[in-house]
2 protein chains.
Amino acid sequence: MTHPFFTAHADTLNRALTAIAERTYWSAYPESPSPRVYGETAAADGQAAYQAHLGVRFAIDQPGAGDWVSTERSPFGVELNVSYPHSSVDALVDAASAALPGWRDAGPQTRVGVCLEVLHRIHQRIFELANAVQFTTGQAFVMAFQAGGAHALDRALEAVAYAYAEQTRHTATARWEKPAGKGDPLVMNKTFHVVPRGVALVIGCRTFPTWNSYPGLFASLATGNPVIVKPHPGAVLPLALTVQIAREVLAEAGFDPNLVTLAAEAPGEGIASALATRPEIKIVDFTGSTEYGDWLEDHARQAQVYTEKAGLNAIIIDSTDDFAGLCRNLAFTLSLYSGQMCTTSQNIFIPSAGIATPDGVKTFDEVAAGITGAVAKLTGDAARAVELIGAIGDERVLERIEAAGKTGETLLDSKALEHPAFPDAVVRTPVIVKLGADADAVYGDEWFGPITFLIATDDTEQSIALFRKTVGAKGGLTAGVYSTDESVLDAVERAAIDVGVHLSCNLTGGVFVNQSAAFSDFHGSGANAAANAALTDGAYVANRFRIVQSRR
Amino acid sequence: MTHPFFTAHADTLNRALTAIAERTYWSAYPESPSPRVYGETAAADGQAAYQAHLGVRFAIDQPGAGDWVSTERSPFGVELNVSYPHSSVDALVDAASAALPGWRDAGPQTRVGVCLEVLHRIHQRIFELANAVQFTTGQAFVMAFQAGGAHALDRALEAVAYAYAEQTRHTATARWEKPAGKGDPLVMNKTFHVVPRGVALVIGCRTFPTWNSYPGLFASLATGNPVIVKPHPGAVLPLALTVQIAREVLAEAGFDPNLVTLAAEAPGEGIASALATRPEIKIVDFTGSTEYGDWLEDHARQAQVYTEKAGLNAIIIDSTDDFAGLCRNLAFTLSLYSGQMCTTSQNIFIPSAGIATPDGVKTFDEVAAGITGAVAKLTGDAARAVELIGAIGDERVLERIEAAGKTGETLLDSKALEHPAFPDAVVRTPVIVKLGADADAVYGDEWFGPITFLIATDDTEQSIALFRKTVGAKGGLTAGVYSTDESVLDAVERAAIDVGVHLSCNLTGGVFVNQSAAFSDFHGSGANAAANAALTDGAYVANRFRIVQSRR
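Residues numbered from 1 in each chain as written. Chains lettered and ligands numbered in written order. Predicted model: local features only at pLDDT ≥ 70, side-chain atom pairs only at ≥ 80, totals over all residues. Heavy atoms only, no water.

1. Quick notes on the overall build of chain A
Then, number 1: Regarding its fold elements, chain A presents 18 helices and 21 strands.
Then, number 2: Computed over its C-alpha atoms, the radius of gyration of chain A comes to 24 Å, within 12% of the 24 Å expected for a compact globule of 552 residues.
Then, number 3: Expressed as lengths along the three principal axes of its C-alpha atoms, the size of chain A is roughly 80 × 70 × 50 Å.
Then, number 4: Within chain A, the fraction of its 552 residues that count as buried is 62%.
Then, number 5: Expressed as a percentage of contacts within chain A between residues at least 6 apart in sequence, the contacts between residues at least 24 apart total 75%.
Then, number 6: Carbon and sulfur atoms make up 51% of the accessible area of chain A, which amounts to about 18,600 Å² in all. (Helix = DSSP H or I, 4+ residues; strand = E, 2+ residues; numbered from the N terminus. Rg over C-alpha atoms; globule rule 2.2 N^0.38 Å. Buried < 20%, exposed > 50% of the residue type's maximum accessible area, 1.4 Å probe, protein only. Contact = heavy atoms within 4.5 Å. Areas by Shrake-Rupley, 256 points an atom, 1.4 Å probe, with all protein chains shown as cover.)

What follows is the structure in structure tokens.
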């Protein structure tokens, strides 16, 4: 009775189950968009498939769809004009609720098989998806392909593997025999049903519509919960494609396609709040602002709410045995996708007296010059720069860049670049500002975007104290430290444990503090204010279902 | 570097880890208080140890203890007069917070070793503990020994096993090597730290001070959280003994004994609310009223709150092939500990037209007579009855018995019995009342105590509908069904899954709907209003800690 989709992907699942325990390097979906990996025509075919969506109504059947909505504006300045069916909250919730029992009763194995087939088919359309991610988010193509495609699929698979492990950690049936003295033993046959919590809601973000949504989406779906996907109005297409594929696979497997629906909204409609507070909604996954994440936690009390919010990602520079590597590594992190990652470092603490390097002490200004120089070099040539920094879709990021320059001494000015291929693209290079340690009213808040503060401290001890204070108060998703002194590394590691933030030490090569590897690194910890859960661990899936038993 | 406590109990842990997955019969702590199991002098020694506590100050060192409090009044009418040190909220929270880092850094294996040693030493004092449970709760001795001793220890071990499994499901360290084309691979050494959420609070109940507190206490402690134990003022001694033993073992293992403290309170002090809303408290485990459980969920927002509250446990009688067995089985359930279990059945739905039995149709009145007759027989002889029904410590239970008799047609009156050994014991036999299906204003609320409603329904279909309605609205921890018709069993099982309640079918022998077996049955599901979590499963432990990683 094993479902053919489960059989087809059993090896992948087993490898993933090993990976989440061992946490060494593994990936299921190749991250290189090279023709050698994906074939000579894959890129062009995918681009054409993407372009076929532009200017037309998206081909998806939806419950209770009336009018159509079109809300996307590309950071690259190109026209998208894709229209999506506009369903009512009632229709979405009712359709999801009606779909639940059949999916619940299918059991973990079949559900996981269906989820893995969905991932497989998304992967078959990865170039189409990457284009959709690129032109909605403003990511450069390679990043969109990797973070929005391959890595998002890896994270989804990781969530499905946890969901499978968690649902099958107990036997599904058991014969219980209790000795009863000289008499016959007491015997009961027991069945343990996996029961989903209810209908799940995934609220996507603009910058990472797939990567940040897939873990919650697939963790909920694999554990039996119908999922309503509410994309950010600026980045609908990547999730519309995802929903389209999920519905296609579900229908093919004989399930109600309304197990996965799209909640596209009209401008200013606020459909997320209306959905999140419906009594039928029992799980909410959200990535976005602290303000709205807090609102969801306070108001969607009937649901288990998973939030990833803002934070203060920090770097402590104490000393290094590879100053050039430090500068190159940080410059990449600060420039990638114009700092529009929840993992981008914002606050870099550097002793005013400078740091020890193999060439002797570098003063604060020399360290700052090294970092700003490396960023300037990376972003100096527009044609090369745009493939790294991408484009900016959110007006508020531009406003913050302006405002940041007025908070202290600007060490590197943000420049507008002309995109060689897309003349209307909004492209800005990073701004880097020097602040004193006492300017915590500035660096104590998140400045999302290509904005970096170099903060002059009395010494590394003060750097660690400020790191504890800022991340302790506002949370953070990533932290980094550079030191040749084991005792400093240990002290920062202890501080990171205390404030619950993942720490990277002495990154000078091809691993970056703002990137986490599926199946090995955890994203977020749930141990500070930046997120109330980690992607992806046992706690992230265990509460998405319950066990209800019967014994006869 | 394996801690000797871990080595000593490794076999027990491994057997428990197998048990929680297989869920067949297993128990680590013998439930029979027989001298053949525990030795000839164990019972007398334990009783003497218990009696040595009476009338004196309990021998326990506590942070910031000033005065002493004495609040216990035995349902058996005997004097306890044990005094406990009275610590301030500040002192308890500060001491627990200070103890956290050392315990966190000890790692899962050592923590689990210490927890298992604590259980071992509690088991060595099980007769002393059973006496303490008996005289504070009003349970008869054998029940106090089993539910309050052996079974509570089994549930604690189950929680520790889950905690161990959950903390060690990932490797503690990993070497990550990512191929990088023709160049050297990218290499990172990663460490995954288990980090507790913070300080945990366990709020005990009067009726099951150990059984209901141990899973949360040991799940939190094993995952690195210091635990403040707040006993019900009426049942302090069982938890004071537990805390005393835990502190002794912690100190012996070189840890701060303030990892486990006792929050004994003065009458009317309300220390639970003051503790639960402290920012340092990150986990709360509570068993008790729906009203206070809801208050905790609404107000202790900084914490993960696990609540077990009131519910409407139901039985559906459709038909049976063993009418006498049905009556005997239900009579035991309704009588045991005077129905003062969160799992005791309250609402028994029976078709007015009667049910099919091997002797032909029994009318509603005949079914009712069978059940009331069995209860009357079980409780007819005072000397034997008190060993089953125990005593009642809560005035409100007595008031409810009075009030219940006025809600419908009383089929069996509650009687006051004289306890042969304790003349001041408050002993009452169960009251059984007949209600119409339309009396949901009565049976739609919980009537905690020895109070049973036999509800006359149109037919089994209506019984199932009323079961869905009542448990759907108010929740429930247990449900039962009697039927010889597979399709009825299936329909009730489907209803039970929909309302998230564990179901027992056709219990006529030595297994009872109000009893759950550790390592096999789940207690509560978290899938209805009676409890927001199950004891004990992955979800119950996974959120008590976080992973914080560092990579170099």
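2. Topic: the pattern of salt bridges
Then, number 1: Within the structure shown, the criterion is met by 60 salt bridges over all chains.
Then, number 2: Linking B:Lys434 and B:Asp365 is a salt bridge whose minimum nitrogen-to-oxygen distance equals 3.8 Å. Placement of the pair is B:Lys434 in strand β17 (residues 431–436) and B:Asp365 in helix α12 (residues 364–378), with a sequence separation of 69 residues.
Then, number 3: Overall, B:Lys434 belongs to the partly exposed group, its relative accessible area being 24%.
Then, number 4: Exposure remark for B:Asp365: the relative accessible area of 52% places this residue in the exposed category.
Then, number 5: Each of A:Arg104, A:Asp105, B:Arg468, B:Arg494 and B:Asp498 takes part in a single network of salt bridges with overlapping partners. (Salt bridge = Lys/Arg side-chain N within 4 Å of Asp/Glu carboxyl O.)

3. Looking at helix α3 (residues 42–51) of chain A
Residues and elements named next belong to chain A.
Then, number 1: Residues of α3 that are buried include every one of Ala 42, Gly 46 and Tyr 50, and no others. Projected onto a plane normal to the axis of α3, the buried residues spread over an arc of 70 degrees and lie on a single side.
Then, number 2: Close packing links the buried residues of α3 with α2 (35–38), α5 (126–137) and α8 (237–252). (Arc of directions from axis to C-beta.)

4. A look at the domain arrangement of chain A
Residues and elements named next belong to chain A.
Then, number 1: Segmentation of chain A into domains returns domain 1 (28–309) and domain 2 (314–505).
Then, number 2: Distance between the C-alpha centres of domain 1 and domain 2: 33 Å.
Then, number 3: Opposite the 15 residues of domain 1 that make contact, domain 2 presents 19 residues.
Then, number 4: Between domain 1 and domain 2 the total buried area reaches about 1,300 Å² when both faces are included, carbon and sulfur atoms providing 66% of it. (Domains from an automatic or database assignment. Buried area = accessible area lost by both parts, 1.4 Å probe.)

5. A closer look at the sheet that holds strand β3 (residues 173–178) of chain B
Then, number 1: Spatially, the ten strands line up as an open sheet ordered β14(A)-β17(A)-β18(A)-β11(A)-β10(A)-β19(A)-β20(A)-β21(B)-β4(B)-β3(B), and their pairing is mixed. The two strands at the open ends of the sheet, each matched to only one other strand, are β14 (409–412) of chain A together with β3 of chain B. Neighbour-to-neighbour, the strand axes of the sheet open up by a mean angle of 25 degrees, direction not taken into account.
Then, number 2: Of the pairings in the sheet, the one linking β14(A) to strand β17 (residues 431–436) of chain A comprises three bridges and is antiparallel in character. Within the sheet, the bridge partner assigned to A:Glu409 lies in β17(A) and is A:Lys434.
Then, number 3: Most of the contacts of helix α17 (residues 486–499) of chain A go to strand β20 (residues 502–505) of chain A, to which it runs at about 165 degrees, and overall it touches β10 (314–317), β19 (478–482) and β20 of chain A together with β4 (186–196) and β21 (545–551) of chain B. (Pairing = 2+ DSSP bridges. Axes fitted to C-alpha atoms, helices over the stretch in contact; angles between N-to-C directions.)

6. Details of the relation of the copies chain A and chain B
Then, number 1: With an RMSD of 0.0 Å, chain A superimposes on chain B once it is rotated by 180 degrees and translated 0.0 Å along the axis. On this basis, the relationship between the two copies can be described by a two-fold rotation axis.
Then, number 2: Mapped onto chain B, 100% of the interface residues of chain A are again interface residues, and the two copies thus contact each other with one and the same surface. (Least-squares fit on C-alpha atoms with pLDDT ≥ 70 in both.)

7. Details of the UniProt feature "domain: Aldehyde dehydrogenase" (unreviewed entry) in chain A
Then, number 1: UniProt's entry tags residues 87–501 of chain A with the feature "domain: Aldehyde dehydrogenase" (unreviewed entry), counted in the numbering of this structure.
Then, number 2: Here residues 87–501 of chain A runs as 47% helix and 21% strand, with 40 Å between its end C-alpha atoms. (UniProt positions renumbered as here; feature names shortened; annotations may be inferred.)

8. What about the interface of chain A and chain B?
Note: interface size is frequently given as the accessible area lost on complex formation between the parts.
Then, number 1: Chain A puts 71 residues into the contact, and the matching count from chain B is 72 residues.
Then, number 2: Both sides together, the interface formed by chain A and chain B hides about 6,000 Å², and carbon and sulfur atoms give 49% of it.
Then, number 3: The largest per-residue losses of area from chain A upon contact with chain B belong to A:Tyr25, A:Arg551 and A:Arg552, which jointly make up 13% of the total buried on that side.
Then, number 4: The tally of links from chain A across to chain B stands at 20 salt bridges.
Then, number 5: The tally of links from chain A across to chain B stands at 52 residue pairs in polar contact (both at pLDDT 80 or more).
Then, number 6: Here the side of chain A that touches chain B gets eight residues from one element, more than from any other, and that element is α17(A).
Then, number 7: Looking at the side of chain A that touches chain B residue by residue, the class counts come to 29 nonpolar, 18 polar and 24 charged.
Then, number 8: By the bridge criterion, two bridges tie strand β21 (residues 545–551) of chain A to strand β20 (residues 502–505) of chain B in an arrangement that is parallel. Across the sheet, residue A:Arg551 finds its bridge partner in β20(B), namely B:Ser504. (Polar contact = N/O pair within 3.5 Å; in protein donor to acceptor, adjacent residues only side chain to side chain. Nonpolar A, V, L, I, M, F, W, Y, C, P; charged D, E, K, R; others polar.)

9. Some remarks on the packing of helix α16 (residues 460–474) of chain B against helix α17 (residues 486–499) of chain B
All names here are of chain B.
Then, number 1: Two elements in contact, α16 and α17, have axes whose closest approach is 9 Å; the angle formed by their N-to-C orientations is 15 degrees. Considering the angle they form, α16 stands roughly parallel to α17. The chirality of how α16 crosses α17 is right-handed. Contact with α16, carried on its side by Thr 460, Ile 464, Phe 467, Arg 468, Val 471 and Gly 472, involves Val 488, Ala 491, Val 492, Arg 494, Ala 495, Ala 496, Asp 498 and Val 499 of α17 and no other residues of that element. (Parallel < 35°, antiparallel > 145°, perpendicular 65-115°, else oblique. Left-handed = near helix turned anticlockwise from the far one by under 90°.)

10. Considerations on the nonpolar core
A general tendency of soluble globular proteins is for nonpolar side chains to be buried together.
Residues and elements named next belong to chain A.
Then, number 1: Counting residues in each nonpolar core, the largest one holds 105 residues, and the members touching the most others are Tyr 84, Val 114, Leu 119, Ile 122, Tyr 214 and Phe 218.
Then, number 2: The leading source of residues in this core is helix α6 (residues 141–167), at 15 residues.
Then, number 3: In this structure, this core is formed jointly by two domains, domain 1 (28–309) and domain 2 (314–505), each of which donates at least three residues.
Then, number 4: The contacts of Tyr 214, once residues within four sequence positions are left out, are Ile 122, Leu 129, Ala 152, Leu 153, Ala 156, Ala 219, Leu 239 and Thr 242. (Core = buried A, V, L, I, M, F, W, Y, C linked by side-chain atoms within 4.5 Å.)

11. Overview of the sheet that holds strand β9 (residues 304–308) of chain A
All names here are of chain A.
Then, number 1: Strand order in the open sheet formed by five strands is β7-β6-β5-β8-β9, and the pairing between neighbours is parallel. Looking at strand neighbours, the two that pair on one side only are β7 (260–262) and β9, the edges of this open sheet. Between one strand axis and the next, the sheet turns through 15 degrees on average, direction left out of account.
Then, number 2: Pairing geometry for strand β5 (residues 199–203) and strand β6 (residues 227–230), over four bridges, is parallel. Bridging across to β6, Val 202 finds its partner in Val 229.
Then, number 3: Sheet strands touched by helix α4 (residues 89–124): β5, β6 and β7. Its angle to β6, the strand with the most contacts, is close to 150 degrees.

12. Focus on the environment of A:Trp103
Residue and element names in this part refer to chain A.
Then, number 1: Within the secondary structure layout, Trp 103 lies in helix α4.
Then, number 2: The sequence separation of Trp 103 and Pro 215 amounts to 112 residues, and the corresponding C-alpha distance is 19 Å.
Then, number 3: In this structure, Trp 103 is in contact with Arg 111, Val 114, Leu 221, Gly 224, Asn 225, Leu 250, Phe 255 and Leu 259, ignoring residues within four places of it in sequence.

13. Observations regarding the packing of aromatic side chains
Then, number 1: According to the stated counting rule, one finds 46 aromatic pairs over all chains in the structure shown.
Then, number 2: When the centroid spacing of 6.3 Å and the interplanar angle of 20 degrees are considered together, the rings of A:Phe127 and A:Phe141 count as stacked. Pair noted here: A:Phe127 is in helix α5 and A:Phe141 is in helix α6, with a separation of 14 residues, a long-range link.
Then, number 3: Ring centres of B:Phe208 and B:Tyr337 lie 5.7 Å apart, and the angle between their planes is 85 degrees; this geometry places the pair in the edge-to-face category. Placement of the pair is B:Phe208 in the loop between β5 (199–203) and α7 (214–222) and B:Tyr337 in the loop between α11 (323–335) and β11 (347–351), with a sequence separation of 129 residues. You'll find B:Phe208 and B:Tyr337 in the same group, each marked buried. (Phe/Tyr/Trp six-rings, centres within 6.5 Å; stacked < 30°, edge-to-face > 60°.)

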